[in-house]
Amino acid sequence: MELYLDTADVAAVTRLARIFPLAGVTTNPSIIASSKTPPEVVLPALKEALGGRGRLFAQVMAPQADGMVEEAHRLRAIINDLVVKVPVTAEGLAAIKQLRAAGIPTLGTAVYGAAQGLLAALAGAEYVAPYVNRLDAQGGDGIQTVSELQQLLTLHAPGAKVLAASFKTPRQALACLLTGCASITLPLEVAEQMIAAPAVAAAVEKFDQEWLAAFGKAGL
């Protein structure tokens, strides 16, 4: 599987890249806007925070296919191996087809249904990103959508991967992985929740106290 962070916080990526087995970092226009740092600055900084390894994802914003393709080339001029995120609209599907023909990898984003995700994969997207928590918030079933999409890709577009996004809890992320989902991207707060279990800290503290009581020193 592939584990990504969904952020443009360079300091956080630097800190967590030391801990997590990260495959890279995903961004979107809202995330980059919240960083108040333009793509030509923040994307190279994120790459450096990853130690020069891993994949970066950034999204086009043009509404029409031709504009999306133009923006994709501009993003790739910043990071030459960047994966271009394209919203799976009618124009987005047309752009994904053009970018596939040009050899540029894409991620079909803003996916709210399994059929929509399958179309992105068939158009040539390397990754498809269903929005798990946003689906739940709208009365849908995010995990079920991921499961259906994973089955569809396995059957009909085995070269594409589900990259599930939009999580509020670690449990949602784990449920996606249990469906066979190949990749997930986590917001910082969810990633940090995975390694911030109070019971674990209490157990380690108890070990330390009992060792100190027995041997009069900390550590081996």
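Residue numbers here run from 1 along each chain, matching the order of that chain's written sequence. Local features in a predicted model are, by the rule used here, given only for residues with pLDDT of at least 70; side-chain atom pairs are given and counted only at 80 or more, and totals for whole chains, interfaces and linings are based on all residues. Side-chain numbers here rest on the full set of heavy atoms in the structure, without hydrogens or water.

With an unreviewed UniProt entry as reference, the chain is termed Fructose-6-phosphate aldolase, source organism Mixta gaviniae. Taken verbatim from the UniProt record of the chain, the Catalytic activity (unreviewed entry) comment is "beta-D-fructose 6-phosphate = dihydroxyacetone + D-glyceraldehyde 3-phosphate". In the Subcellular location (unreviewed entry) part of its UniProt record, the chain is described as follows: "Cytoplasm". UniProt positions are given in the numbering used here, feature names are shortened, and annotations may be inferred rather than shown by experiment.

### What about the packing of aromatic side chains?
Stacked, tilted and edge-to-face are the three classes assigned to paired rings of Phe, Tyr and Trp, where Trp is represented by its six-membered ring and a pair needs centres within 6.5 Å; plane angles under 30 degrees give stacked, over 60 edge-to-face, the rest tilted. A full pass over the atoms with the stated rule returns four aromatic pairs. Relative to Tyr131, the ring of Tyr112 has its centre 5.5 Å away and its plane inclined at 80°; by these criteria the two rings are edge-to-face. Here Tyr131 lies in the loop between strand E6 (127-130) and helix H7 (132-137) and Tyr112 lies in the loop between strand E5 (106-111) and helix H6 (114-123), a separation of 19 residues in the sequence. Only protein chains enter the accessibility calculation, which uses a 1.4 Å probe; a residue whose area is less than 20% of its type maximum is buried, one above 50% is exposed, and one in between is partly exposed. A residue is classified by how much of its surface remains accessible, and Tyr112, at 32% relative accessible area, is partly exposed. A run of H or I in DSSP counts as a helix once it spans at least four residues, and a run of E counts as a strand once it spans at least two, with each numbered from the N terminus.

### Here we look at the packing of H6 against helix H8 (residues 142-156)
For the pair H6 and H8, the least separation of the axes is 9 Å and the interaxial angle reads 35°. For the pair H6 and H8, the sense of crossing is right-handed. Together, Ala114, Gly117, Leu118, Ala121 and Leu122 of H6 and Thr145, Glu148, Leu149, Leu152, Leu153 and His156 of H8 make up the contact between the two elements. For this scheme, ten residues count as nonpolar: Ala, Val, Leu, Ile, Met, Phe, Trp, Tyr, Cys and Pro. Four count as charged, namely Asp, Glu, Lys and Arg, and the remainder, Gly too, count as polar. The residue makeup of the contact of H6 with H8, split by class, is seven nonpolar, three polar and one charged. Axis definition: a line fitted to C-alpha atoms, limited for helices to the stretch in contact. Angles are taken between N-to-C directions and run from 0 to 180 degrees. Whether a crossing is left-handed or right-handed is set by the direction in which the near helix is turned from the far one by less than a right angle, anticlockwise for left-handed and clockwise for right-handed. In what follows, a contact means two residues having at least one pair of non-hydrogen atoms within 4.5 Å.

### Here's the deal with helix H4 (residues 65-78)
For H4, which comprises 14 residues, the first-to-last C-alpha distance of 20 Å matches the rise-based estimate of 20 Å (1.5 Å per residue) to within 8%. All of the buried residues in H4 are Ala65, Met68, Val69, Ala72, Leu75 and Arg76. Each buried residue of H4 sits inside an arc of 120° when the element is viewed along its axis, so together they form one side. Away from its buried face, by an angle of more than 90 degrees, H4 presents the exposed residues Asp66, Arg74 and Ala77. Looking at the buried positions of H4, the neighbouring elements they touch are helix H3 (39-49), strand E3 (55-59), strand E4 (83-87) and helix H5 (90-101). The length a helix should cover is 1.5 Å for every residue beyond the first. Relevant arc is that of directions from the helix axis to the C-beta atoms, nothing else.

### Side note on the sheet that holds strand E8 (residues 183-186)
Reading around the circumference, E1-E2-E3-E4-E5-E6-E7-E8 is the order of the eight strands in this closed barrel, with parallel pairing throughout. When strand polarity is set aside, the average angle formed by the axes of neighbouring strands in this sheet is 25°. Pairing of strand E7 (residues 161-164) with E8 involves two bridges; the strand directions are parallel. Within E8, the position partnered with Leu163 by the bridge is Ser183. What makes two strands pair is DSSP finding at least two bridges between them.

### Focus: the environment of Val60
The residue Val60 is located in the loop between E3 and H4 in this model. A relative accessible area of 2% places Val60 in the buried class. C-alpha separation for the pair Val60 and Ala214, spaced 154 residues apart in sequence, amounts to 61 Å. Beyond its immediate stretch of four places on either side in the chain, Val60 contacts Met68, Glu71, Ala72, Leu75, Val84, Lys85, Val86 and Pro87.

### A look at helix H11 (residues 198-215)
Taking 1.5 Å of rise per residue, 18 residues should cover 26 Å, and H11 covers 26 Å from first to last C-alpha, within 8% of that figure. Looking one or two places after H11, you find Gly216, whose phi comes out positive at around 75°.

### Description of the pairing of E4
Counting buried positions over the five residues of E4 gives five, a clear majority of the element. Of the two faces of E4, the one lined by Val83, Lys85 and Pro87 and the one lined by Val84 and Val86 are each fully buried. Across three bridges, E3 lies against E4 in parallel orientation. Within E4, the residue paired with Gln59 across the bridge is Lys85. Think of it like this: strands point away, you trace from the first strand over the helix to the second, and a clockwise trace means the crossover is right-handed. Handedness of the E3-H4-E4 crossover: right-handed. For E4 and E5, the ladder comprises four bridges, and the chain directions are parallel. Residue pairing across strands places Val84 opposite Thr106, the latter belonging to E5. Crossover handedness for the path E4 to H5 to E5: right-handed.

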